[in-house]
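An overview of the molecular structure
Now for the letters of each chain:
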Amino acid sequence: MNCEQCNCHLSALIDGELSATVQREVQRHLDKCRSCRDALDDLKMLDAKLTDQLALSSNAIDRAVDASTTPLGPQPSLARARWIEQIPAWSIVAVVAASIALAFVLLPRKDDPLPGTALPTAGRLVSTTGSVEVLDPESQRWQPFVSSNELFIGSRIRTPVGVNCEIEMADRATLRLGGAAELAIRSPKHIEVLQGQVWCRTSESEPLRVDARTPNSQLASSMICPANSEFQWTIDSNRAVVQALAGPATEWTGTDFRCPVGPGERIAVDNQQNVERSEEDLASTKIWQLPLLAVSGKGQEELDRVIEAALIRIGRTKTGYLDEQQIRQLGPRGAIPLLAYVQSDRSGAQVSVRHRAMQIATELADESASSRLRQLSSDQDDTIAEHAKRALQRIENNVQP
Amino acid sequence: MPLTSETQRETEDCVRRALSGDDNAKIDLVRHLYGRIHALCQSQLRSQADAEDAVQETFMRGMARLDELKSPEAITGWLRGIAHNVCVDLIRRNRVRYTSSTDVATLPTDDTPANITDHEERDHLMGLIHALPEPLRETILLHYYDEMTYDQMAAWLGVARSTVNDRLSKARGMLKHQLMSQRCGDEL
């Protein structure tokens, strides 16, 4: 062992992290080498100084414990971190219950507008990854959705395979449709999912009524999504599935069933009204939304979270493997959100996740990702820059990965 | 890199208990993770007061939204993400405090007096640590603020064990060099 090799091990030596074999070799070298012994002494002095100076304040720890375990209030801002407004939990429940009751009162009995009256706007299309079709209540034909982008009560919207879109309802709920999905708008507070995958997030103050129906109404159901909640539906010809992603519990009722839905639960009901419940791993439920989040201007934070939740597990668990497959199935459209993540401020804190995202992105990317790849080829992280350059080369030469 | 180191398993157990409504588990979780979150925040924020505020805010947000976390093993990335966002918010709002916690210059100079007080010494040391490249910063702070093995640190940071070793070696080497060159300066 030479001095340079010995030097690499000195840190691990003082931390007790060397294997017995290596430790013996290092000790043998130290016995013969004065300068390495001096280096070790210096290191021990530094270590003692750092240990002494870098101590946690037990007051600060106690404060953090108290602050994070007292009953919830609204999210405090950083400036008020030490003076939290404490709203007792019961009053939050009362407000939610009141808004649900109010929603029932306000929902019009007859959902279809009177003929001849101007159609009020119920929502608008906010972003889309392709072209979307609309069936206006007054016309009988599906038409491509054009620039006026307002949706009226009684409209139906549908997406072709591979296209996702995002809708903002008049009362601020956000809806996202997956490919080959269809929904009907009954009112600003009431939608009906007819086919495919639909995700919704209600606003902070307004609930949303979501009906779900399989073809020919073999299964007809209804659910009130409380304010501040997130749910996802998947409807096909045989069954309806609901996943509760966030927010308070609620109830899902149908012709012959009635079940409570708690956060984190997944409930499937088929045409025979058989109910199946499970707890779902939620990290991967929004992977299909990645291309849409990359397109919409405000999706970056959500996109970062979805990617991190999925990629942090890759290589560690079987579900991580399945998540990776799901991302790969997005094809070239999946490259963009991954690259957007690599470029975000937040990914800097997660080096290995950032590397994984980059690796998958470079395998999926096509010309649509070129400008992002060019930006990344001068990234500070060499691994990232290398991947970017290689991907650009591949795309330019049109070679299969 | 082991799939789940012992500290990761402890953490996941704590999370499971906290998710099932055990309030004591939340307390355990905060105490268990305090050191490493402090290391992360302190690596981003120069001032100790700011770092402590950021850690407190991170745990407040994290414990309040713990039910968003459905898989206990995702706690690491999730909580680190929250901490990172909190630090970014704080930096954006307090630009001045990010660059210096005292009125004195933060970089070491040859005129540093030999008899500086304890508080100043700590501040001085933090200045040297903040002059290190970012990955080295968090790793060295993590080593001293928490009591983890190299394997445990590797799992928390999401890097290889050899990376942890290299970073600690380099960081200590650079700090030693800085401190030594000052000592020589004092003696001249």
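The notes below deal with the structure included here. All values reported here derive from a predicted model rather than from experimental measurement.

A few words on the overall build of chain B. A tally of helices and strands in chain B yields nine helices and zero strands. The helix and strand sequence of chain B, counted from the amino end, reads α-α-α-α-α-α-α-α-α. Across the 188 residues of chain B, 55% fall into the buried class. In chain B, the proportion of contacts linking residues at least 24 apart, taken out of those at least 6 apart, comes to 62%. A total of about 8300 Å² of accessible surface is found on chain B, and carbon and sulfur atoms cover 49% of it.

Turning our attention to the nonpolar core. Of all hydrophobic cores here, the largest spans 72 residues; its most connected members are Leu50 of chain A together with Phe59, Ile129 and Ile140 of chain B. Both domain 1 (1-99) and domain 2 (114-188) of chain B contribute no fewer than three residues apiece to this core. Core analysis: the next-biggest nonpolar cluster, separate from the first, contains 40 residues, Leu125, Ile191, Phe231 and Ala240 of chain A among them.

Below, the discussion takes up the interface of chain A and chain B. Each partner contributes residues to the interface: chain A has 55 residues there, and chain B has 57 residues. Counting the contacts that link chain A with chain B gives six salt bridges. With a shortest N-O distance of 3.0 Å, Asp15 of chain A and Arg172 of chain B are connected by a salt bridge. For the pair chain A and chain B, the number of links is 18 residue pairs in polar contact (both at pLDDT 80 or more). If you list the elements that add at least two residues to the side of chain A that touches chain B, you get α1 (3-14), α3 (34-53) and α4 (58-69) of chain A.

What follows covers helix α3 (residues 48-64) of chain B. Residue and element names in this part refer to chain B. Over its 17 residues, α3 extends 24 Å from the first C-alpha to the last, a length consistent with the 24 Å expected when each residue adds 1.5 Å. The buried fraction of α3 is high, at 14 of 17 residues. Capping the start of α3, Ser47 holds a side-chain oxygen 3.2 Å from the backbone nitrogen of Ala49, two or three residues further along.

This brings us to the pattern of salt bridges. All names here are of chain A. All chains considered together, the criterion is met by 40 salt bridges over all chains. The salt bridge involving Lys389 is made with Glu386; its shortest N-O contact spans 3.9 Å. With Lys389 and Glu386 both in helix α12 (residues 382-397) and three residues apart, the pair spans about one turn of that helix. Note on Glu386: relative accessible area 38%, which makes it partly exposed. One continuous salt-bridge network, built from bridges that share partners, spans Glu166, Arg176, Arg201, Glu230, Lys286 and Glu302.

Residues and elements named next belong to chain A. By the definition in use, this model includes zero disulfides over all chains. Of all cysteine sulfurs, the one in Cys225 lies closest to Cys200, which takes part in no disulfide; the gap is 4.0 Å. The exposure class of Cys200 is buried, given its relative accessible area of 0%.

Residue and element names in this part refer to chain A. The geometry of helix α7 (residues 300-311) relative to helix α9 (residues 332-343) is characterised by a closest axis approach of 10 Å and an angle of 100° between their N-to-C directions. When the interaxial angle is binned, α7 and α9 end up roughly perpendicular. From α7, Gln300, Leu303, Asp304, Ile307, Glu308 and Leu311 reach across to α9, where they touch Pro337, Leu338, Ala340 and Tyr341.

Okay, the packing of helix α2 (residues 23-44) of chain B against helix α7 (residues 134-145) of chain B next. All names here are of chain B. Running from N to C, α2 and α7 point in directions that differ by 145°, and their axes come no closer than 8 Å. Crossing handedness for the pair α2 and α7: right-handed. Contacts between α2 and α7 involve Gly35, Arg36, His38, Ala39, Leu40, Gln42, Ser43 and Gln44 on the former and, on the latter, Glu134, Arg137, Glu138, Leu141, Leu142 and Tyr145. When its residues are assigned to classes, the contact of α2 with α7 shows five nonpolar, five polar and four charged.

Criteria and thresholds
Residues numbered from 1 in each chain as written. Chains lettered and ligands numbered in written order. Predicted model: local features only at pLDDT ≥ 70, side-chain atom pairs only at ≥ 80, totals over all residues. Heavy atoms only, no water. Helix = DSSP H or I, 4+ residues; strand = E, 2+ residues; numbered from the N terminus. Buried < 20%, exposed > 50% of the residue type's maximum accessible area, 1.4 Å probe, protein only. Contact = heavy atoms within 4.5 Å. Areas by Shrake-Rupley, 256 points an atom, 1.4 Å probe, with all protein chains shown as cover. Core = buried A, V, L, I, M, F, W, Y, C linked by side-chain atoms within 4.5 Å. Domains from an automatic or database assignment. Salt bridge = Lys/Arg side-chain N within 4 Å of Asp/Glu carboxyl O. Polar contact = N/O pair within 3.5 Å; in protein donor to acceptor, adjacent residues only side chain to side chain. Expected span 1.5 Å × (residues − 1). Disulfide = S-S within 2.5 Å. Axes fitted to C-alpha atoms, helices over the stretch in contact; angles between N-to-C directions. Parallel < 35°, antiparallel > 145°, perpendicular 65-115°, else oblique. Left-handed = near helix turned anticlockwise from the far one by under 90°. Nonpolar A, V, L, I, M, F, W, Y, C, P; charged D, E, K, R; others polar.

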